[in-house]
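Tertiary structure, described
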Amino acid sequence: MSWFSWFFTLWPSKATSLLLADLVGRQLGLRVGLQVVQTLTCSQWGTPSDKGLFQDGDVVIGGLFNFRYQTPAIDHDFTQLPHNKPCAGLEHVPLQYIYAMVFAVEEINHSTTLLPGAKLGYHIHNSCGLPQWALQSALSLVGGDSTSCNLTAPLDYSAGGHPVPLIIGGASSTTAQILSRILGPLSVPLVSYLASCPCLSDRLQFPNFFRTIPSDIYQARAIAQLAIRFNWTWIGAVIANNDYGHAAIKVFQKEIQGAGVCLAFVETLRRENIVSDARRAALTIQASTARVILIFAWYTDVRELFLQLAKINVTERQFLASESWSTSGDLLQNLATSKVASGVLGVAIRSSPMPGFGNYLRSLNPSHRPDDEFFREFWEQVFGCSPEVTYHSSPLQSVTPRQRSSRPSNTSTSSFPNTPLQKAFLPLCSGIESLERVQNLFTDISQLRVTYNVYLAVYAAAHALHNLLSCTDTDSPPRNNSTCSSPKDIKPIELLQHLNNVNFTTPQGEMFFFQGADTLAKYDLINWQKTPEGSQKLVLIGHVDGFDLHLNESAIQWSTGSYQVPISVCSNSCPPGTRKANRKGEPVCCFDCIPCAEGEISHKTGSLHCERCPPEFWSNDKQTACIPRQLDFLSFNETLGITLTTAAVSGAIVTTAVFVVFLCYRQTPVVRANNSELSFLLLLSLKLCFLCSLVFIGRPSVWSCRFQQAAFGISFVLCVSCLQVKTIVVLAAFRSARPGAEALIKWFGPGQQRGSVCLLTCIQVIICVIWLSLSPPVPRRDLGFKGSKVTLECAMTSVVGFSLVLGYIGLLACTCLILAFLARKLPDNFNEAKLITFSMLIFCAVWVAFVPAYVSSPGKYTVAVEIFAILASSYSLLFCIFAPKCFIILLRPEKNTKKQLMAR
């Protein structure tokens, strides 16, 4: 046994298959690859040439189809598989693909414009859905019937046996990779109708590969666009454990990255353990909160998954289907599937009509195809009878002489010993059987998808052959003896070059050409919808053109049976006014919703961050919009404003009442004893102090800001000046009673008293004028306070001016306090210096406390503190000085005598 034959005996997995492809296609090189192929073909090792469908022609193309299928429980010994482990069961859908190829060949042979003068033939083999079968058949096709074993020269394609220069096949991406690697050194083109792995687009690795089905990049991206469009952020995925599934989910994850879509789980299905894997995936789907499930797998695997879901009664899941099972009639007609998978939304291979194909299928009859064992078995399955046929050659169905000689003598026995229906147990057909009224997957031409891909592959091969034989492509290299190829002298490498440049219009009027290995990406978007009878049907709801998705959402019937889009999220979208906060250790689609802080908003659903409002705005109660801040100032309408206004007005009224009392009793000793003129002036200044506090209440304006501080400063200086002069007069009066001091009182007569008050007040007036002229207070909005309100206040643009005003008042008050304190013990029954001392103590205490309170108070409370200080100091002066006098005047008139006042 050669090393290569020994290697085939160790074929346990797909990984080994790919390793073989790499070894032969890459590491062994072109020469060794040719020798390997030649070794296999010249030794006639396991050549299944008698198990196929054949028609000779001037040019013969190969075909590989999975029209027999068997799910292996364990991997088989490749060297024994063709004889001891044959595929069982005839698949009706792939059988339709075969006759699509036959139909296309016959159509081309009847054409007067395509391949005129050359007859196209075919050699079709079964690959059984297994890469090793496909490789064995492909090697048999490219090797022909040559029995020479010259390992020192490349294969001779002009030798007998008619090795095919092109193969249509590779029904899976894994199979296509293996075949392309093996056939690459021979430059034999491989045109696949179903291998969609994006990896096959790499022309450096697969220069001889072509396909009529789009790359999975486009369908995975289309499904990702659907997930994003319908806001499905929590999706489960079930994929086939092969290149098809892994490549598709990789593209899907790349497309959803950054779009807020997450995969809740990814379960894989292995064909060799499909039952246990499907059960595990079903339990995962049942336990997951994801309501949308994406499936990238072959339809037989999906069928088992749905059976497992039906066993545990998992319903109301929205399935997203890949093209490999979205249009499966087997799944659509399965009762168990309809309970689990209604409303499926999926991507399907583009459907296109094939005029005449339906009539062609229904006209097929085993009596017209005596050598077609596959159709004969199909006929037996459909009608339950055995057709009476005789093997012979026909124009469209022929076999090689070697094949005829290898047939069994008993022509009534099928060449497939393990087929489920044997002729020995079936009655003979009556001859009136016909497919005209048969409705099954083979005769169904309503959705020609993969079938049309096979049809396109044949036409692409025919046009490449036509260009090669007619020398229409000048890019082909010159030949030695002639400028054009002959049908008997076609080299695969020349056909490969012409296939790269093929560009034609199909009989349906569609432009077709290859872009590298690929063709234009076009898909249908389909939806499984229930009919009134309870069955399910396919409904076209849109299409995909390249990367563009066109969808009619109103036509979709979802898994719930309604037209309302299902919801599949890990966490519900955060409403406006909140933001997302990711949960530690969980996917980004799982999050909590945190309310925005005050002054911040989120006006969109699902916001990642809260936006801060501009300085003059604040968030509303729901944190969904920024609204203008309310202007806040000490108003006459609020409680604090009303209280302060009442206190100020009351003080002014009481001062006026005292003024009236003093005016009425101005001739009494109590009024006259303490300089009645200064008393009246003091009462007037106190009234001004009470009234000036009202200027601080209300909306600040330019003039109110200037007037309030000036009025406050001048009124209090006038008040304190009167008290200071009063104190000086008291001191002067008592000092003048001493011997030698009579002249002292002359310096403090009425004129001097008025002048002193006026002088002291004018100093304050000058300070205020300079301050207000240079840098007066102005109304300003205080935006520094965090809240829904913005304070409108009078801003001190010059702290020095305000400090001078307060400092001058404080200087006079302190001077007055010291003088009054010195005069407090002077003899007399009624010494006003005592009252002035006490009043000035309160006055100074209030204003000392005012400074820190004023600085630390926020907003409008700054104004309230100043008003309170004004009112408190004014009330202290009013009551401490005038209350005792009014008490005597009004309630103790007997003490209002000169004798009582002069008593010691």
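Scoring rules and cut-offs
Residues numbered from 1 in each chain as written. Predicted model: local features only at pLDDT ≥ 70, side-chain atom pairs only at ≥ 80, totals over all residues. Heavy atoms only, no water. Helix = DSSP H or I, 4+ residues; strand = E, 2+ residues; numbered from the N terminus. Buried < 20%, exposed > 50% of the residue type's maximum accessible area, 1.4 Å probe, protein only. Contact = heavy atoms within 4.5 Å. Areas by Shrake-Rupley, 256 points an atom, 1.4 Å probe, with all protein chains shown as cover. Lys, Arg positive; Asp, Glu negative; His and termini not counted. Salt bridge = Lys/Arg side-chain N within 4 Å of Asp/Glu carboxyl O. Polar contact = N/O pair within 3.5 Å; in protein donor to acceptor, adjacent residues only side chain to side chain. Disulfide = S-S within 2.5 Å. Phe/Tyr/Trp six-rings, centres within 6.5 Å; stacked < 30°, edge-to-face > 60°. Lys NZ or Arg CZ within 6 Å of the ring centre and 35° of its normal. Pairing = 2+ DSSP bridges. Axes fitted to C-alpha atoms, helices over the stretch in contact; angles between N-to-C directions. pLDDT = per-residue confidence, 0-100. Patch = residues over 30% accessible without salt bridge, like charges linked within 9 Å, V, L, I, M, F, W, Y side chains within 5 Å. Parallel < 35°, antiparallel > 145°, perpendicular 65-115°, else oblique. Left-handed = near helix turned anticlockwise from the far one by under 90°. Nonpolar A, V, L, I, M, F, W, Y, C, P; charged D, E, K, R; others polar. Expected span 1.5 Å × (residues − 1). Bend = angle between axes of the 7 residues up to and from the residue.

Details of the overall build of the protein chain
A tally of helices and strands in the protein chain yields 27 helices and 25 strands. Among the 904 residues that make up the protein chain, the fraction classed as buried is 54%. Contacts in the protein chain between residues at least 24 apart in sequence constitute 72% of all its contacts with a sequence separation of at least 6. Carbon and sulfur atoms make up 59% of the accessible area of the protein chain, which totals about 39,400 Å².

Some remarks on the side chain of Glu106
Tracing the sequence through the fold places Glu106 in helix H5 (residues 92-109). Of the side chains with opposite charge, Arg369 lies nearest to the buried Glu106, which makes no salt bridge, at 4.3 Å. In this structure the side chain of Glu106 is engaged in a polar contact, spanning 3.5 Å, whose partner is the side chain of Tyr360.

Some remarks on the state of the cysteines
In this structure the tally under the stated criterion is eight disulfides. What pairs with Cys385 in a disulfide is Cys429, and their sulfur atoms sit 1.9 Å apart. As the torsion about the S-S bond is roughly 95 degrees, the Cys385-Cys429 disulfide counts as right-handed. In this pair, Cys385 is assigned in the loop between helix H15 (373-383) and helix H16 (401-405) and Cys429 in the loop between H16 and helix H17 (450-470), connecting sequence segments 44 residues apart. Each member of the pair, Cys385 as well as Cys429, is classed as buried. Counting only cysteine sulfurs, Cys758 is the nearest neighbor of Cys762, a cysteine outside any disulfide, at a range of 3.9 Å. Between Cys844, a cysteine without a disulfide, and Cys814, which holds the nearest cysteine sulfur, the sulfur-to-sulfur distance is 4.8 Å.

Let's talk about the packing of aromatic side chains
In total, this model carries 40 aromatic pairs according to the counting rule given. Where Tyr455 meets Tyr459, the ring centres are 4.9 Å apart and the plane angle is 50 degrees; that geometry is what we call tilted. Placement of the pair is Tyr455 and Tyr459 together in helix H17, with a separation of four residues, close to one helical turn. Here Tyr455 and Tyr459 have matching classes, each one buried. An aromatic cluster is present here, built from Phe712, Phe716, Trp771, Phe802, Phe843, Trp847, Phe850 and Tyr854 joined pairwise through their rings. Just above the ring of Phe210 sits the side chain of Arg203; from NZ or CZ to the centre is 4.9 Å. Between the NZ or CZ atom of Arg706 and the centre of the ring of Trp703, over which it lies, the distance is 5.6 Å.

Overview of the pattern of salt bridges
Within the structure shown, the criterion is met by 20 salt bridges. The partner of Asp301 in a salt bridge is Arg271, with the nearest N and O atoms 3.8 Å apart. Separated by 30 residues along the polypeptide, Asp301 in helix H11 (residues 299-311) and Arg271 in the loop between strand E8 (262-269) and helix H10 (274-287) bring together distant segments of the chain. Overall, the relative accessible area of 4% leaves Asp301 in the buried class.

A look at the environment of Ser180
With respect to the helices and strands, Ser180 occurs in helix H7 (residues 173-183). Sequence-wise, Ser180 and Leu135 are 45 residues apart; in three dimensions their C-alpha atoms are separated by 9.8 Å. Dropping the residues within four chain positions of it, Ser180 is found in contact with Leu190, Phe206, Asn208 and Phe209. A distance of 2.8 Å separates a polar atom in the side chain of Ser180 from a polar atom in the side chain of Asn208.

As for helix H18 (residues 492-500)
Along H18, the residues classified as buried are Pro492, Glu494, Leu495, Leu496, His498 and Leu499. Considering only its buried residues, H18 is in contact with strand E5 (190-192), strand E6 (209-211) and H17.

Quick notes on unusual backbone geometry
Unlike most non-glycine residues, Leu115 shows phi in positive territory, near 50 degrees. Of note in the backbone geometry, Cys128 takes a positive phi value of approximately 65 degrees without being a glycine. As for its position among the elements, Cys128 is in the loop between strand E3 (120-126) and helix H6 (131-143).

Some words on the sheet that holds strand E23 (residues 630-632)
As summarised here, the arrangement of the three strands in space is E23-E25-E24, forming an open sheet in which the pairing is mixed. The strands lining the two open edges of the sheet, one partner per strand, are E23 and strand E24 (778-782). Going from strand to strand, the sheet's axes swing by 35 degrees on average, the running direction of each strand aside.

Concerning the confidence of the model for the protein chain
The pLDDT averaged across the protein chain works out to 81; a share of 81% of its residues lies at or above 70. In this model residues 1-49 is a low-confidence stretch, pLDDT under 50, and it forms 104 contacts with partners more than four residues away in sequence or in other chains. When the criterion is pLDDT under 50, residues 391-423 qualifies, and its contacts beyond four places in sequence or with other chains add up to 65 contacts.

Digging into the sheet that holds E5
Reading across the sheet, the six strands line up as E1-E3-E2-E4-E5-E6 and stay open at both edges, with mixed pairing between neighbours. Looking at strand neighbours, the two that pair on one side only are strand E1 (52-55) and E6, the edges of this open sheet. Both strand E2 (residues 59-65) and E3 contribute to a ladder of seven bridges, which runs parallel. Paired with Gly62 across the bridge in E3 is His123. Against the sheet, H17 contacts E2, E3, strand E4 (167-168) and E5, and its axis sits at roughly 155 degrees relative to E2.

Regarding a nonpolar patch on the surface
A surface patch of nonpolar side chains, amounting to about 380 Å² of accessible area, comprises Tyr665, Phe887, Leu890 and Leu891. By secondary structure assignment, the location of Leu891 is in helix H26 (residues 861-891). A residue is classified by how much of its surface remains accessible, and Leu891, at 51% relative accessible area, is exposed.

As for the side chain of Ser324
Tracing the sequence through the fold places Ser324 in the loop between strand E10 (318-321) and helix H12 (329-332). A distance of 3.2 Å separates the side chain of Ser324 from the side chain of Tyr244, its partner in a polar contact. For Ser324, the residues in contact, after removing those within four places along its chain, are Tyr244, Ala297, Trp298 and Tyr299.

As for the packing of helix H19 (residues 639-664) against helix H21 (residues 676-692)
The interhelical angle for the contact between H19 and H21, taken along N-to-C directions, is 165 degrees, at an axis separation of 8 Å. Looking at the two axes, H19 sits roughly antiparallel to H21. When the axes of H19 and H21 are compared, the crossing they make is left-handed. Contacts from Ala647, Ala648, Gly651, Ala652, Thr655, Thr656, Val658, Phe659, Phe662 and Leu663 of H19 reach H21 at Ser679, Phe680, Leu683, Leu686, Lys687, Phe690 and Leu691. Here the residues of the contact of H19 with H21 sort into twelve nonpolar, four polar and one charged.

Side note on helix H25 (residues 832-856)
Across its 25 residues, H25 extends 37 Å between first and last C-alpha, which sits within 8% of the 36 Å expected from 1.5 Å per residue. At Phe850, H25 shows its strongest bend, of approximately 30 degrees, with the proline Pro852 following within four residues.

A short note on the packing of H5 against H15
Between H5 and H15, the shortest axis-to-axis distance is 12 Å and the interhelical angle comes to 140 degrees. On the basis of their axis angle, the class for H5 and H15 is oblique. Like other packed secondary-structure pairs, H5 and H15 cross with a definite hand, here left-handed. Residues His92, Leu95 and Tyr99 of H5 touch H15, and the partners they reach there are Phe374, Phe375, Phe378 and Gln381. Its residues assigned to classes, the contact of H5 with H15 comprises five nonpolar, two polar and no charged.

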